[in-house]
Amino acid sequence: MSNKYDKFTRKALDKMFTYVGFEGFNEEFTKQHNDWYQQKTWTMEQSADFKKWFITETKKDLKFTKHMAEREFSWFDLKWGWKVSDDPYFSKQKELVHD
């Protein structure tokens, strides 16, 4: 890892992986599944907790403003965030599909 951003990305992935039972980022898991980010789920509460952590750490490590940190989280979560298991929108969509 060559720069602050790469180091922060690894730090964030380490943290994110702990929410679903890993000790940190698991490269072997990501190599086994091309869509590794779709293989695990977390709750809305866990996602919100991670978002709070991510924004705080982005501001500290990368010297981002709050707005920049929130935007960065949105991109990070879109690209790599775990699926949310208790999202009411998706629960409703599943009900519609099964009816």
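Conventions and cut-offs
- Residues numbered from 1 in each chain as written.
- Predicted model: local features only at pLDDT ≥ 70, side-chain atom pairs only at ≥ 80, totals over all residues.
- Heavy atoms only, no water.
- Helix = DSSP H or I, 4+ residues; strand = E, 2+ residues; numbered from the N terminus.
- Buried < 20%, exposed > 50% of the residue type's maximum accessible area, 1.4 Å probe, protein only.
- Contact = heavy atoms within 4.5 Å.
- Areas by Shrake-Rupley, 256 points an atom, 1.4 Å probe, with all protein chains shown as cover.
- Phe/Tyr/Trp six-rings, centres within 6.5 Å; stacked < 30°, edge-to-face > 60°.
- Expected span 1.5 Å × (residues − 1).
- Polar contact = N/O pair within 3.5 Å; in protein donor to acceptor, adjacent residues only side chain to side chain.
- Axes fitted to C-alpha atoms, helices over the stretch in contact; angles between N-to-C directions.
- Parallel < 35°, antiparallel > 145°, perpendicular 65-115°, else oblique.
- Left-handed = near helix turned anticlockwise from the far one by under 90°.
- Nonpolar A, V, L, I, M, F, W, Y, C, P; charged D, E, K, R; others polar.
- Core = buried A, V, L, I, M, F, W, Y, C linked by side-chain atoms within 4.5 Å.

Across its full length, the protein chain holds five helices and two strands. Along the protein chain, helices (α) and strands (β) appear in the sequence α-α-β-α-α-β-α when read from the amino end. Looking at the protein chain as a whole, 31% of its 99 residues qualify as buried. The contacts of the protein chain with a sequence gap of at least 6 include a subset with a gap of at least 24, amounting to 60%. Accessible area of the protein chain: about 7,000 Å², with a carbon and sulfur share of 50%.

What follows covers the packing of aromatic side chains. The full count for this structure, using the stated rule, is 20 aromatic pairs. With a centroid separation of 5.6 Å and an interplanar angle of 20°, the aromatic rings of Phe 50 and Trp 53 are classed as stacked. Of the two residues, Phe 50 and Trp 53 both sit in helix H3 (residues 44-62), three residues apart, roughly one turn of that helix. What makes Trp 53 buried here is its relative accessible area of 17%.

Further remarks concern unusual backbone geometry. Positive phi, normally seen in glycine, also occurs at Lys 63, with a value near 60°. Assignment of secondary structure puts Lys 63 in the loop between H3 and helix H4 (66-80). Residue Lys 63 is classed as exposed on the basis of its relative accessible area of 63%.

Moving on to helix H1 (residues 4-18). With 15 residues, H1 extends 21 Å between its outermost C-alpha atoms, agreeing within 8% with the 21 Å of an ideal straight helix rising 1.5 Å per residue. Every buried residue of H1 is accounted for by Phe 8, Thr 9, Ala 12, Leu 13, Met 16 and Phe 17. Taken together, the buried residues of H1 touch helix H2 (27-32), strand E1 (41-42), H3 and H4. Its side-chain oxygen placed 2.9 Å from the backbone nitrogen of Tyr 5, Asn 3 serves as the N-cap of H1.

Relative orientation of the contacting elements H3 and H4 amounts to 130°, with a least axis distance of 9 Å. Taken together, the axis directions place H3 and H4 in an arrangement best described as oblique. Once H3 is placed against H4, the crossing between them reads as right-handed. Between H3 and H4, the contacting residues are Phe 50, Lys 51, Phe 54, Ile 55, Thr 58 and Lys 59 on the first element and Lys 66, Ala 69, Glu 70, Glu 72, Phe 73 and Phe 76 on the second. In the contact of H3 with H4, the residues fall into six nonpolar, one polar and five charged.

Another aspect to go through is the nonpolar core. Met 16, Phe 17 and Phe 50 are the most contacted members of the largest nonpolar core, which totals 22 residues. Elements that contribute at least two residues to this core include exactly H1, H3 and H4. Ignoring anything within four residues of it in the chain, the contact list for Phe 50 reads Ala 12, Lys 15, Met 16, Tyr 19, Trp 42, Phe 73 and Phe 76.

For the rest of this paragraph, the subject is H4. With 15 residues, H4 should reach 21 Å at 1.5 Å per residue; the first-to-last C-alpha distance of 21 Å fits that figure. Residues of H4 that are buried make contact with H1 and H3.

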